[in-house]
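# Per-entry structural report
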Amino acid sequence: MKMKSSRRRIDVNVDELDRIIDAAMREPLSETDGRTLKTAVHAMAERLVRRRNTEKTSAVLEKLRGSGTAPRVPSDPGKSDPAGHGRNGAAAFTGANRVAVGHATLQTGDACPECREGRVYRQKEPATLLRIAGQAPLEATVFEMERLRCNACGQMFTAEEPANVGTEKYGTTAVAMIALLKYGTGVPFNRMERLEEQLGMPLPASTQWELMEQAAGLIGPVLNELIRQAAQGSVMHNDDTSMRILKLARNTNDGRTGTFTSGIVSIWREWKIALYFTGWKHAGENLADVLTQRAPGLAPPIQMCDALSRNTPKLTGIEILLANCLAHGRRQFTEIAESFPEACLYVLESLGAIYGFDAETKERGLTREERLTFHQTHSAPVMEQLHQWMETQFAEHKTEPNSGLGKAISYLLRHWTKLTLFLRQAGAPLDNNIVERALKKAILNRRNAFFYKTLNGARVGDLFMSLIHTCELNGVNPFDYLTELIRHPAELAMYPAEWMPWTYRGTLGRIARPAAA
């Protein structure tokens, strides 16, 4: 069989290895046999080690290989290629209705009709049959209540309304669905209006907005509680992206011209909390506002961001441990890989090894302290070697400081202490990717709707995006969550902490128990 190392292809003959091992059990290995066995073991060990090879890096290096300028980089030997069929089993449909179908003639304990000797017993896993049907996002029901009129006195008699039809024209599920389509998947109100009209369900964009504004006013206390809990987080990621607001009254003393949506993802206990803030403030200022609600006496939080100063909060009395994003530093080299293939390949492979080690800590379920020890043992030597290599490039004049490679190296060296906080502080992340992904929700809305009309509209969007993405980060169904929030405005206003994505199910159970009794 053929095994790959990082630089070359090695042919390994299994029969030859068996012969060497059998001989070693009788007498000491010869130098030739020892070298052969050692080479094979190293090749197989490399195959077992997880190597990081992201799509962007692969695309860059594949382009270089096509031009013949870059060495061959093997694909990740620890991962098999995805099947690519795009199908999901019945277990993946967690929101599907489940219908139990019993056997028509047999029950547990009955005699086997086939062999007549044994008995049949129910299996833990049933056979499954999946059927999927389409439906409109919104469904309307028109109740046609019979009316009768006296032909003598003219008195009108109308049938009573059916029980449990509610008093609101737009039900809580309809409002939750509109919020999820608009702020969760980026469908603009006008596009939703056209879709519903095609399905015989006219729903003007202006009506959709009014429903969102009303719902936001009802569930606002939940967002305030979410911000308070996010302020207690041990790790906080933040960044921002540009956003347009058509009608924005600015402070006349403020010379700023841009508007942004800041994303913050706070890790608090076992939960991840996503927050969005749109306006003229940068991510660092919005994070500073959040941290003003941090309880005194807590350990300093780790703040992860890129190296822009506007992402760092300016606070007095609150200490933070600042970490910079390793992915941003790595990106400097992917952008110049075509011009400096050998040097960039070395840096990308070194950083890939670090990500591989971090992935291993997650697979093994290590604690924060165990992860720190693992990185200090495995990642620290790789990072130290990379640091020495970069310093040598300048010290021995192998790289021009003003070149593209020199600037990329200078970026890493300049921010090295913050880029390597994960080697000194338990729980420090490698990069800011989690908030980069969170900002894609805001970018999706920007690409589809182009802008917010007013600052109030932006705040409504921030509220729903914060609640929806927090649900997504914690494996909670956002449609069910929004439905229950809108359905219980009075209860959540009194005790918003009981209506977090990770607590609301228990709260619903407590509310239902007295009624059932």
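Presented here is a report on the structure given in the accompanying data block. (Residues numbered from 1 in each chain as written. Predicted model: local features only at pLDDT ≥ 70, side-chain atom pairs only at ≥ 80, totals over all residues. Heavy atoms only, no water.)

### Quick look at the overall build of the protein
- The helix and strand tally for the protein stands at 17 helices and 11 strands.
- A total of 517 residues make up the protein; the buried ones form 40% of that total.
- When contacts within the protein are restricted to residue pairs at least 6 apart in sequence, long-range pairs at least 24 apart make up 65% of them.
- Looking at the protein as shown, the accessible area adds up to about 30,800 Å², and 51% of this sits on carbon and sulfur atoms. (Helix = DSSP H or I, 4+ residues; strand = E, 2+ residues; numbered from the N terminus. Buried < 20%, exposed > 50% of the residue type's maximum accessible area, 1.4 Å probe, protein only. Contact = heavy atoms within 4.5 Å. Areas by Shrake-Rupley, 256 points an atom, 1.4 Å probe, with all protein chains shown as cover.)

### Focus on the environment of Thr-259
- Structurally, Thr-259 is set in the loop between strand 6 (245-247) and strand 7 (260-268).
- Of the residues examined, Thr-259 reaches a relative accessible area of 11% and is grouped as buried.
- Spatially, the C-alpha atoms of Thr-259 and Gly-279 are 5.3 Å apart, while their sequence positions differ by 20 residues.
- Setting aside chain neighbours within four positions, we find Thr-259 in contact with Thr-241, Ser-242, Met-243, Arg-244, Ile-245, Leu-248, Arg-250, Gly-279 and Trp-280.

### Section: the packing of helix 4 (residues 172-184) against helix 6 (residues 205-230)
- It is the contact of helix 4 with helix 6, at a shortest axis distance of 10 Å, that shows an interaxial angle of 105 degrees. Considering their axes alone, helix 4 and helix 6 lie roughly perpendicular with respect to each other. Counting all contacts with helix 4, which are made through Val-175, Ile-178, Ala-179 and Tyr-183, the residues of helix 6 involved are Gln-208, Trp-209, Leu-211, Met-212 and Ala-215. (Axes fitted to C-alpha atoms, helices over the stretch in contact; angles between N-to-C directions. Parallel < 35°, antiparallel > 145°, perpendicular 65-115°, else oblique.)

### Section: the pattern of salt bridges
- Tallying each qualifying case throughout the model produces 11 salt bridges.
- Here Asp-240 ties to Arg-310 by a salt bridge, and the two come within 3.4 Å at their closest N and O atoms. Of this pair, Asp-240 sits in strand 5 (residues 235-242) while Arg-310 sits in the loop between strand 9 (302-305) and strand 10 (321-324), and the two are 70 residues apart along the sequence.
- Using a relative accessible area of 9% as the deciding quantity, one classes Asp-240 as buried.
- Glu-498 is paired through a salt bridge with Arg-510; the nearest N and O atoms lie 3.7 Å apart. (Salt bridge = Lys/Arg side-chain N within 4 Å of Asp/Glu carboxyl O.)

### Observations concerning unusual backbone geometry
- With phi around 65 degrees, Arg-116 is a residue other than glycine that occupies positive phi space.
- By the secondary structure assignment, Arg-116 is in the loop between helix 3 (55-67) and strand 3 (147-149).
- The class for Arg-116 is exposed, based on a relative accessible area of 66%.
- Unlike most non-glycine residues, His-397 shows phi in positive territory, near 55 degrees.
- You can see His-397 is positioned in the loop between helix 10 (368-395) and helix 11 (404-414).

### Some details on the packing of aromatic side chains
- Inspection of every chain in the model, using the stated rule, returns 7 aromatic pairs.
- Ring geometry for Trp-268 versus Trp-271: centroids 5.7 Å apart, planes at 45 degrees, classification tilted. Summarising the burial analysis for this pair, Trp-268 and Trp-271 share the class buried.
- Ring plane angle 45 degrees and centroid distance 5.0 Å describe the contact between Tyr-346 and Trp-389, whose orientation is recorded as tilted. Taken together, the residues Tyr-346 in helix 9 (residues 341-363) and Trp-389 in helix 10 connect sequence positions 43 residues apart.
- Directly above the ring of Phe-189 sits Lys-182, whose terminal nitrogen or CZ lies 5.1 Å from the centroid. (Phe/Tyr/Trp six-rings, centres within 6.5 Å; stacked < 30°, edge-to-face > 60°. Lys NZ or Arg CZ within 6 Å of the ring centre and 35° of its normal.)

### Examining helix 10
- Along helix 10, the largest kink reaches about 45 degrees and is centred on Ser-379; proline Pro-381 follows within four residues of it.
- Turning to helix 10, its buried residues are Arg-371, Leu-372, Phe-374, His-375, Ser-379, Met-383, Leu-386, His-387, Trp-389, Met-390 and Gln-393.
- Here the buried face of helix 10 lies against helix 8 (326-334), helix 9, helix 11 and helix 12 (416-419).
- Directly beyond the C-terminal end of helix 10, a positive phi value near 55 degrees is found at His-397. (Bend = angle between axes of the 7 residues up to and from the residue.)

### Focus: the side chain of Thr-278
- Turning to its location among the elements, Thr-278 is positioned in strand 8 (residues 271-279).
- Using a relative accessible area of 9% as the deciding quantity, one classes Thr-278 as buried.
- Those residues in contact with Thr-278 that sit more than four places away from it in its chain are Met-243, Ile-245, Phe-260, Thr-261, Tyr-452, Leu-455, Ala-458 and Asp-462.

### Things to note about helix 9
- Taking 1.5 Å per residue, 23 residues should reach 33 Å; helix 9 reaches 32 Å between its end C-alpha atoms and fits that length.
- Most of helix 9 is tucked away, with 17 of its 23 residues classed as buried.
- Positioned one or two residues after helix 9, Gly-365 has a phi angle of 65 degrees, which is positive. (Expected span 1.5 Å × (residues − 1).)

### Re the pairing of strand 9
- A two-sided burial pattern is seen for strand 9, the buried positions comprising Ile-302 and Met-304 on one face and Gln-303 and Cys-305 on the other.
- The sheet contact formed by strand 5 and strand 9 spans 3 bridges and is parallel. Bridging from a neighbouring strand, Met-236 pairs with Gln-303 of strand 9.
- Where strand 9 and strand 10 come together, 4 bridges link them in parallel fashion. Looking across to strand 10, one finds that Cys-305 is bridged to Asn-324. (Pairing = 2+ DSSP bridges.)

### Comments concerning the sheet that holds strand 10
- Spatially, the 5 strands line up as an open sheet ordered 8-7-5-9-10, and their pairing is mixed. Strands with a single pairing partner mark the edges of an open sheet, and in this sheet they are strand 8 and strand 10. When strand polarity is set aside, the average angle formed by the axes of neighbouring strands in this sheet is 20 degrees.
- As judged from the 9 bridges shared by strand 7 and strand 8, these two strands associate in the antiparallel manner. Bridge pairing in strand 8 links Ser-262 to Phe-277.
- Packing of helix 13 (residues 433-449) onto the sheet brings it into contact with strand 5, strand 7 and strand 8, and relative to strand 5 it is tilted by some 30 degrees.

### Some details on the nonpolar core
- Met-212, Leu-275, Phe-333, Phe-464 and Leu-467 are the most contacted members of the largest nonpolar core, which has 100 residues in total.
- Considering every element that reaches this core, the biggest residue donor is helix 6, with 11 residues.
- Sequence-distant contacts of Phe-464, defined by excluding residues within four places in its chain, comprise Ala-179, Tyr-183, Met-212, Ala-215, Ala-216, Ile-219 and Leu-482. (Core = buried A, V, L, I, M, F, W, Y, C linked by side-chain atoms within 4.5 Å.)

### Considerations on the side chain of Thr-261
- Its location among the elements puts Thr-261 in strand 7.
- Looking at Thr-261, its side chain comes within polar contact range of the side chain of Thr-278, at 2.8 Å.
- For Thr-261, the residues in contact, after removing those within four places along its chain, are Asp-239, Asp-240, Thr-241, Met-243, Tyr-276, Phe-277, Thr-278, Leu-439 and Ala-442. (Polar contact = N/O pair within 3.5 Å; in protein donor to acceptor, adjacent residues only side chain to side chain.)

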